[in-house]
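Understanding the architecture of this molecule
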Amino acid sequence: MLDVVKKSLMIPLDETYADSELETLINACKELIVSAGVEKKKVNGENQMVVSLVLIYCKTFFGFKNDGSVKDLPSSFDLLLRQLALTSGGKS
């Protein structure tokens, strides 16, 4: 997942300066998805909607500065998260 996120942020795969922050964001997004009612096995699998959610989340918060520029997640994130939670079939 880290490589996919780095590509979407146009960070060369051999650059590791942001890996720790990106891994933290990836894991935070996955926990958010699980807390919305999506099965953990779907979050840790190859679900393309999960990948999309992680990309939106990371693009929103990578390099975040506490200046109020990011107040809410983009509406596309919220829409995808609701759709995934409704079709997930419950938490595990």
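Everything numeric in this text was worked out from a predicted model, so none of it was measured. (Residues numbered from 1 in each chain as written. Predicted model: local features only at pLDDT ≥ 70, side-chain atom pairs only at ≥ 80, totals over all residues. Heavy atoms only, no water.)

When helices and strands are counted, the protein chain shows five helices and zero strands. Element order for the protein chain, N to C, with α for helix and β for strand: α-α-α-α-α. Taking all 92 residues of the protein chain together, 35% fall into the buried category. Taking all contacts inside the protein chain whose residues are at least 6 apart in sequence as the whole, residues at least 24 apart take part in 65%. For the protein chain, the computed accessible surface area is about 5700 Å², with 53% contributed by carbon and sulfur atoms. (Helix = DSSP H or I, 4+ residues; strand = E, 2+ residues; numbered from the N terminus. Buried < 20%, exposed > 50% of the residue type's maximum accessible area, 1.4 Å probe, protein only. Contact = heavy atoms within 4.5 Å. Areas by Shrake-Rupley, 256 points an atom, 1.4 Å probe, with all protein chains shown as cover.)

On to the side chain of D19, then. Examined against the element boundaries, D19 turns out to sit in helix α2 (residues 19-35). With sequence-adjacent residues up to four places away left out, D19 is seen in contact with L2 and K6.

Counting across every chain of the model gives zero disulfides. Lacking any disulfide linkage, C29 is separated from the closest cysteine sulfur, that of C58, by 6.6 Å. (Disulfide = S-S within 2.5 Å.)

We now examine the nonpolar core. Grouped together as the largest cluster of nonpolar side chains are 25 residues, with contacts concentrated most on V5, L22, C29, I33, L53, V54 and F77. At the level of elements, α1 (2-8), α2, α4 (48-61) and α5 (75-88) are the ones that each hand at least two residues to this core. No other element matches the eight residues that α4 contributes to this core. Every residue in contact with L22, bar those within four places of it in the chain, is listed here: L2, V5, K6, L9, I11, C58 and F62. (Core = buried A, V, L, I, M, F, W, Y, C linked by side-chain atoms within 4.5 Å.)

Okay, the packing of aromatic side chains next. Inspection of the entire model under this criterion finds two aromatic pairs. Ring geometry for Y57 and F61: centres 5.0 Å apart, planes at 50°, overall tilted. Residue Y57 and its partner F61 are located together in helix α4, separated by four residues, close to a single helical turn. Given the relative accessible area of 13%, Y57 is considered buried. Residues Y57 and F77 carry aromatic rings whose centres are separated by 5.9 Å and whose planes lie at 45° to one another, so their mutual orientation is tilted. (Phe/Tyr/Trp six-rings, centres within 6.5 Å; stacked < 30°, edge-to-face > 60°.)

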